[in-house]
Amino acid sequence: MGDINIGILGCGTVGTGVAKLLMENSDIINARVGSKLHLKYVADIDTKTDRGITFEKGVFIDDAAKLINDPDIDIVVETIGGEGIAKKLMLDAINNGKHVVTANKALLAKHGNEVLGAAAENGVDLAYEASVGGCMPIIKSIRESLVGNRIESMTGILNGTCNYILSKITDDGSEFETALKGAQKNGYAEADPTLDIEGFDTAHKLAILISLAYGMNINLDDIYVEGVTKITPMDIDLASQFGYKIKLLAISKNLEDAVEARVHPTMIPCNNLLSNVNGSLNAITVTGDAVGDMMLYGHGAGMMPTASAIISDIADIARNLKHNATGRIPLLSFQQKKIKSIPILPIDETRTNYYFRFFVKDQPGVLSRIAGVLGNNDISIQSVHQKGRKSGGSVPIVMLTHKAKEASVKIAMAEIEVLDIVSDKPMLIRIEDEI
Ligand code: HSE
C-alpha cells in the first residue's frame with residue numbers, strides 16, 4: 001500500500017484542526033502509521049474565509065461530490081456536523097467504498113444503526129473516536145483495551161459547555177446566561193446550545209457508549225434526559241453545605257437483562273474525582289469486573305483535542321489498509337450478530353437518593369405535612385435543613401432522602417406542590433453517593 005489519500009468534508013473548527021494536524025505533525029504521524037497520509041482534498045462551501053492554513057494548489061475545493069467520487073480517496077473525514085447533508089454525504093462515501101471518520105455524535109446517536117449497517121454491508125471502516133469526549137480515547141478503551149471486561153457501569157461528564165457553566169456559577173458566582181455566553185465564545189457550545197444545556201448532547205454520547213459497552217443496538221429514545229437550566233445558585237450553595245457538587249452526568253449501569261441510562265444534574269460527593277473536573281474539561285469513569293474503576297480525563301471539545309481523536313481514527317484505518325485488515329475491530333465493539341436489543345430501564349423504575357428543596361411558609365406543622373406525604377409514598381428522609389427565618393414569608397427547606405423509587409418521588413412531588421403551605425414548584429436533584 002502506498003500513500004493513503006484523505007479528503008475532509010467541512011472546514012469549520014474541527015475540519016481545520018484535522019488539516020492543520022495532518023500537515024504540521026505529518027512526520028511523526030507517518031512514522032507511526034507506516035504509510036504517508038496525504039491530504040488530497042478539503043471541501044467546504046466557503047473557500048474564501050482564511051483558515052490560517054496554506055493548502056497546496058487544488059486541495060481546498062467547494063465540491064464535496066468531487067471528493068467523494070474520486071477513486072483515489074481512501075478515507076473521508078466528515079466534519080460538517082448535523083444530520084442533513086452530513087448523513088447524505090457519509091452514506092454516499094460509504095456506498096463508494098470509502099472508509100469514513102466522523103465526530104458527529106448526533107448523527108450516530110440518531111442514525112447510527114443505519115449508517116454503521118451501511119458501513120458493515122460495504123466492508124468499510126467507520127470510526128468515531130471524536131464523537132464522545134473529544135480527545136479522550138474512550139471508544140478505543142471500550143472497543144479494545146477493555147475487551148476482557150464485563151463493563152458494569154460508566155459515569156461521565158461529557159459536555160464541556162454544561163460543565164463550564166456549572167463551574168462558573170459554583171466558583172465565580174456567574175449568572176447562567178453569562179456563563180453560557182462564555183462557553184459560546186470559547187467555542188465549546190453547539191450551534192444550537194439547547195443541545196448542550198438541555199442535556200441532549202450528553203445523551204447522544206451516552207447512546208453511543210452504552211451500545212459499545214453492553215452490546216446493544218443504539219437506542220437514544222429511551223435514555224432519560226434532563227439538562228441544567230433549572231439549577232439555581234441556591235441549589236449549588238446548598239449542595240456544597242451537604243458536601244456535594246452538582247454535575248451534569250451521563251450515568252449507565254449494567255443490570256444484565258436491562259441497562260440504566262440517564263442524563264441529569266446529579267449531586268456527587270465533593271471528594272469524588274468527578275467533582276473536581278472543572279471548566280470545559282470532560283472525564284469518564286468506567287468500571288469493569290477485571291479492571292475495577294478506570295478513569296479518563298481531558299478536553300472534550302475544541303479544535304486540536306478533537307482533531308487529535310480524528311487523527312487516531314485515520315491512523316487506525318490506514319494501518320488496517322496497510323495490512324489488509326479492514327473490519328478487524330467490530331464497528332460497535334461486539335460482533336454484529338451478537339448485538340442485542342437490551343431494554344433501558346424506565347426512569348420511573350430507578351432507585352436513588354434525592355435532594356428536595358421546597359419553598360414553604362415558615363409556620364408550625366409545615367415539616368410534618370411534607371414528611372407525611374413523603375412517608376405515605378415510602379420515601380424515607382435522611383436529613384432536613386431549614387435555611388433562615390422570615391416572618392410571614394417563604395423559607396427554603398431542604399431534605400435529603402434514603403434510596404427511593406422515582407415513580408414514588410414523582411407522586412409525592414405532585415402532592416406536595418399543591419399544598420397551601422408550599423409557595424413554589426419543588427426542586428428535585430438526584431444524588432449518587434456510590435459512583
Ligand atoms: N458542545 C459539546 C460540548 C462539544 O460542549 O462538550 C463537544 O462534543
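Calculation criteria
Residues numbered from 1 in each chain as written. Predicted model: local features only at pLDDT ≥ 70, side-chain atom pairs only at ≥ 80, totals over all residues. Heavy atoms only, no water. Pairing = 2+ DSSP bridges. Helix = DSSP H or I, 4+ residues; strand = E, 2+ residues; numbered from the N terminus. Contact = heavy atoms within 4.5 Å. Axes fitted to C-alpha atoms, helices over the stretch in contact; angles between N-to-C directions. Core = buried A, V, L, I, M, F, W, Y, C linked by side-chain atoms within 4.5 Å. Buried < 20%, exposed > 50% of the residue type's maximum accessible area, 1.4 Å probe, protein only. Near = heavy atom within 4 Å. Polar contact = N/O pair within 3.5 Å; in protein donor to acceptor, adjacent residues only side chain to side chain. Areas by Shrake-Rupley, 256 points an atom, 1.4 Å probe, with all protein chains shown as cover. 1 Å grid on protein atoms, 1.4 Å probe; cavity = no way out; pocket = protein on both sides within 12 Å on 5 of 7 lines; lining within 4 Å. Points joined across faces, edges and corners; volume = space filled by probe spheres on them. Domains from an automatic or database assignment.

## A closer look at the sheet that holds strand 6 (residues 126–127)
Reading across the sheet, the 6 strands line up as 3-2-1-4-5-6 and stay open at both edges, with parallel pairing between neighbours. Looking along the sheet, the strands with just one partner apiece sit at the ends: strand 3 (60–61) and strand 6. As judged from the 2 bridges shared by strand 5 (residues 99–102) and strand 6, these two strands associate in the parallel manner. In the strand pairing of strand 6, Val-101 is matched with Ala-127. Helix 12 (residues 303–322) rests against strand 1 (4–9), strand 2 (37–43), strand 4 (75–78), strand 5 and strand 6 of the sheet, and its axis sits at about 165 degrees to strand 5.

## Some details on the nonpolar core
In this structure, Met-154 and Ile-210 are the most contacted members of the largest nonpolar core, which totals 82 residues. For this core, the element with the most residues is helix 10 (residues 200–214), which contributes 9 residues. In this view, Met-154 contacts Ile-142, Leu-209, Ile-210, Ala-213, Tyr-214, Ala-250, Ile-251, Ser-252, Ile-284, Thr-285 and Val-286; residues no more than four positions away in its chain are not counted. Core analysis: the next-biggest nonpolar cluster, separate from the first, contains 31 residues, Ile-6, Ile-8, Cys-11 and Ala-130 among them.

## A few points about the site of the ligand
Contacts to the ligand come from Lys-105, Asn-159, Gly-160, Thr-161, Tyr-188, Ala-189, Glu-190, Asp-196, Asp-201, Lys-205, Gly-300 and Ala-301. With respect to the ligand, the side chain of Asn-159 contributes an N or O atom lying 3.5 Å from an oxygen atom. Within the contact set of the ligand, a nitrogen atom lies 2.7 Å away from a backbone nitrogen or oxygen of Tyr-188. Contact with the protein chains covers 93% of the free accessible surface of the ligand, which is 260 Å².

## Quick word on the pairing of strand 4
Neither face of strand 4 is open: one carries Ile-75 and Val-77, the other Val-76 and Glu-78, and all of them are buried. As paired strands, strand 1 and strand 4 are joined by 4 bridges and run parallel to one another. The residue of strand 4 that forms the bridge with Gly-7 is Val-76. Note: strand 4 against strand 5, 4 bridges, orientation parallel.

## Let's talk about the layout of surface pockets
The calculated volume of the second largest pocket comes to roughly 450 Å³. What lines the second largest pocket is a set of 20 residues, among which Lys-230, Lys-425, Pro-426, Met-427 and Leu-428 lie closest to the centre. Listed by contribution, the elements that provide at least two residues to the lining of the second largest pocket are helix 14 (406–417) and strand 17 (427–431). Looking at which element gives the most residues to the lining of the second largest pocket, the answer is helix 14, with 5 residues. A domain-level breakdown of the lining of the second largest pocket finds at least three residues from each of domain 2 (147–299) and domain 3 (347–431).

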